[in-house]
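# Structural overview
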Amino acid sequence: MYYKNIALFYTLIALIYSPLAATAQEENTCRATDNICMTTHLISLAKSIEKDSWRDKTYREIAKTMAADGRAIEAIPLIEKIINPDTKALTIRAIGMEAAMANKIPDALFAKLHAEATKITDPPSFGIALTYIAMAQAYAGDDAGALETAKSMTNDSLRHKAYGETAEIQAEQNKFQQALHSVSMIESQSYKNKAYKNVSRIFSTSKQYQHAYDSALNIINPVMQAEAIQFILDTQRHSLEKEKKQSD
């Protein structure tokens, strides 16, 4: 009799709670094409992740998706939920770059990202965050804004890096004058030589050989300039050989 009562008790419990569980499951169910619902679900899941690094990464990827969907402003509050300063910087980059690549840049996005960057108390991570913002601005075509962001950086090495990264993106967009101007803003000659070399290689790879050569001529270090020019010659030769094989 005792066992029958126990069995009956659990059966009643199951009958009572199973509709509630089904209702809760229905409420948490999204259509796979509903990105807003899906990211909302992910945010709720992220809250339950105990390990900081895994939770931080989850928030970063959610922010990336939201920015690509045109919801960059809505993604910004996720930054403050992240513990690791480097991951905060990477999330700032993700939001800015994804919005730029999707050509879905809301008003004042970069100003808001800059404001979030200033909340990062770790100096290297703060500098990296600004570098990422400058890169995103350059990718979005905001060349003046990218240079202003780079100029605002107090760490010399990171400021030089920001100018160089901006120039490389401009070179990838075939903006010859803008790329050279960005490199010219670098105060350190060694950094400047490296940046001109990188820009030259980008132009060479995209078969803009004259731009590549003109960029290489700005390199003061004779070894680095020779390497840059040799890269142009090698790239042209390999390109011609490839074209010949394809035509045979």
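Residues numbered from 1 in each chain as written. Predicted model: local features only at pLDDT ≥ 70, side-chain atom pairs only at ≥ 80, totals over all residues. Heavy atoms only, no water.

The next point concerns the side chain of Lys-175. Tracing the sequence through the fold places Lys-175 in the loop between helix H9 (156-172) and helix H10 (176-184). Each residue touching Lys-175, except ones within four places of it in the same chain, is listed here: Gly-141, Asp-143, Gln-170 and Phe-203. (Helix = DSSP H or I, 4+ residues; strand = E, 2+ residues; numbered from the N terminus. Contact = heavy atoms within 4.5 Å.)

Before going further, it helps to spend a moment on the confidence of the model for the protein. Low pLDDT means the predicted atomic positions in that stretch should not be read closely. For the protein, the mean per-residue pLDDT works out to 89, and 89% of the residues sit at or above 70. At the level of individual helices and strands, the protein shows its lowest average pLDDT in helix H1 (residues 2-27), which scores 47, and its highest in helix H12 (residues 209-216), which scores 98. pLDDT under 50 marks residues 8-18. Its contacts with residues more than four places away, or in other chains, come to one contact. Here residues 20-26 is a poorly scored stretch, pLDDT under 50, and it has zero contacts once near neighbours within four places are set aside; other chains count. (pLDDT = per-residue confidence, 0-100.)

This brings us to helix H8 (residues 143-151). A turn of α-helix holds 3.6 residues, and therefore any two residues three or four places apart point the same way. Every buried residue of H8 is accounted for by Asp-143, Gly-145, Ala-146, Leu-147, Thr-149 and Ala-150. Residues of H8 that are buried make contact with helix H7 (123-139), H9 and H10. (Buried < 20%, exposed > 50% of the residue type's maximum accessible area, 1.4 Å probe, protein only.)

With that settled, consider the packing of aromatic side chains. A ring pair, where both rings are aromatic, is described by two values, the distance of the centres and the angle of the planes. This model, assessed by the stated rule, comprises one aromatic pair. Above the ring of Tyr-132, the side-chain terminus of Arg-93 is found at 5.5 Å from the ring centroid. Directly above the aromatic system of Phe-231 lies the positively charged group of Arg-201, at a separation of 3.9 Å from the ring centroid. (Phe/Tyr/Trp six-rings, centres within 6.5 Å; stacked < 30°, edge-to-face > 60°. Lys NZ or Arg CZ within 6 Å of the ring centre and 35° of its normal.)

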